[in-house]
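Residue-level structure breakdown
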Amino acid sequence: MSLKPSKTNSNIPTPNQSVRRNSRARGAGTLINDATSDGNSRSGFDGSKSATNKEEHSASLTTVLIAVGANLIIAIAKTVAAFMTGSASMIAESAHSWADAGNGTLLIVAEKKSVKPADESHPLGYGKESYVWSMIAAFGVFMAGSIVSIYTGITEWNAAESETDYTIGFIILAVAFVLEGFSLVQAYLQSKKHGEAINVSAIGYVVDTSNPTLRGVFFEDLAAVVGLVIAAAAMGMHAYTGQPFWDALGSIVVGLLLGVVAIFLISRNRDFLIGYKVSDRMHSYALSELLNHVDIDSVSYLHLEWVGPKKIFMVAAVDIAGNQKEKEIAQKFEDIENLFRCNPIFQEAILTLSVPNAKTLSLPENYLANEQDFA
């Protein structure tokens, strides 16, 4: 993922292979391919990196589809069991699964809309669409499931004792546990794979990742598995003691669990919507790429902000090597910006000149560049 011009790459534009922007302002808009002298159209992106991004997007979408399919089957089964047993915990769990299915559907919408290419009206692309739809999913669906579960538990708290056979309920919960567990493992393995690349745990990666789809599915499935254990325990205590408040308590606890997950997901999506800075590791990586460029003497300002899943907007103030004319500096800026735009992790890159005597930035001691220093 190096941006260094010393490494030859036929897919990276050089000063002689113009990359035009669809806006009058330098650095605004989307890449438009120019035909090269040999008549072949070349994109501003490295094909292998673009393919990697597509694979990651496909993996996220697959994870969501698995989760939605499992939740639909489980929701129907739980609803039938809830009617047959009258269990408050089972009613809460059915609401939970329907909420999860709705959430997954909205996450699919988020995945589809966020990959739309940038245009004149949205020069930084549509990446933040994913955070909008993920927040709608968390607020509308999760909270709805939480309210239904808590309300059901409260209304059933003082229910009269009755003989209830929970056999079918326990069977449904066991099947649901297997299906939800499979979906959770799928999300965990994907998180672990990406986390290992930057030396963080799977949970740490899910919490900090710029991908709201993966985070939503992971915590949805985690809450589902925990909720199933709570519901089974509540039903078991009701069956053992004959006290219906245990079942009602299980419903309330499941509702609270959903509420906590909803608040967490809303908070994380809000962070990215209002402008979430990249990690220190990613900041150091971008700074190292700038400082290692042969035409850059120093960097006095560097702003990096997530504008979508694995999409960064960069603004940097740099000092160009030597005493060059304004026209030459403008061309250097365009060439360097295009090198960053070739990297799929950067949605847009803008360079400007440092002010005289500005304090320069430096890399942390013992920093070693890692091409995977991003989430």
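To keep things clear, this report deals only with the structure shown in the data block. (Residues numbered from 1 in each chain as written. Predicted model: local features only at pLDDT ≥ 70, side-chain atom pairs only at ≥ 80, totals over all residues. Heavy atoms only, no water.)

This next bit is on the side chain of E180. Structurally, E180 can be placed in helix α4 (residues 167-197). Although E180 is buried, it makes no salt bridge; K78 carries the closest opposite charge, 4.9 Å away. Excluding residues that lie within four positions of it along the chain, E180 makes contacts with N71, I74, S97, D100, D221, A224, V225 and L228. (Helix = DSSP H or I, 4+ residues; strand = E, 2+ residues; numbered from the N terminus. Buried < 20%, exposed > 50% of the residue type's maximum accessible area, 1.4 Å probe, protein only. Lys, Arg positive; Asp, Glu negative; His and termini not counted. Salt bridge = Lys/Arg side-chain N within 4 Å of Asp/Glu carboxyl O. Contact = heavy atoms within 4.5 Å.)

On to the sheet that holds strand β4 (residues 311-320), then. Pairing in this open sheet of three strands is mixed, and the strands run β3-β4-β5 from one edge to the other. Where the open sheet ends on each side, the last strands, each with one partner, are β3 (296-308) and β5 (346-353). Within the sheet, the average angular offset between the axes of one strand and its neighbour, ignoring direction, is 15°. One ladder, built from 10 bridges, connects β3 with β4; its direction is antiparallel. Paired with H303 across the strands is V315, a residue of β4. Its contacts with the sheet place helix α9 (residues 326-341) against β3, β4 and β5, and it is angled at close to 155° to β5. (Pairing = 2+ DSSP bridges. Axes fitted to C-alpha atoms, helices over the stretch in contact; angles between N-to-C directions.)

Turning our eyes to something else, we now look at the packing of helix α2 (residues 88-114) against helix α6 (residues 212-241). Where α2 meets α6, the axes come as close as 10 Å, and the angle between the chain directions of the two elements is 175°. Looking at the two axes, α2 sits roughly antiparallel to α6. Here S89, M90, E93, H96, D100, N103, G104, L107 and E111 of α2 lie close against α6, whose contacting residues are P212, T213, G216, V217, E220, A223, A224, G227, L228, A231, A234 and M235. Each residue belonging to the contact of α2 with α6 can be placed in one class, and the counts come to 10 nonpolar, seven polar and four charged. (Parallel < 35°, antiparallel > 145°, perpendicular 65-115°, else oblique. Nonpolar A, V, L, I, M, F, W, Y, C, P; charged D, E, K, R; others polar.)

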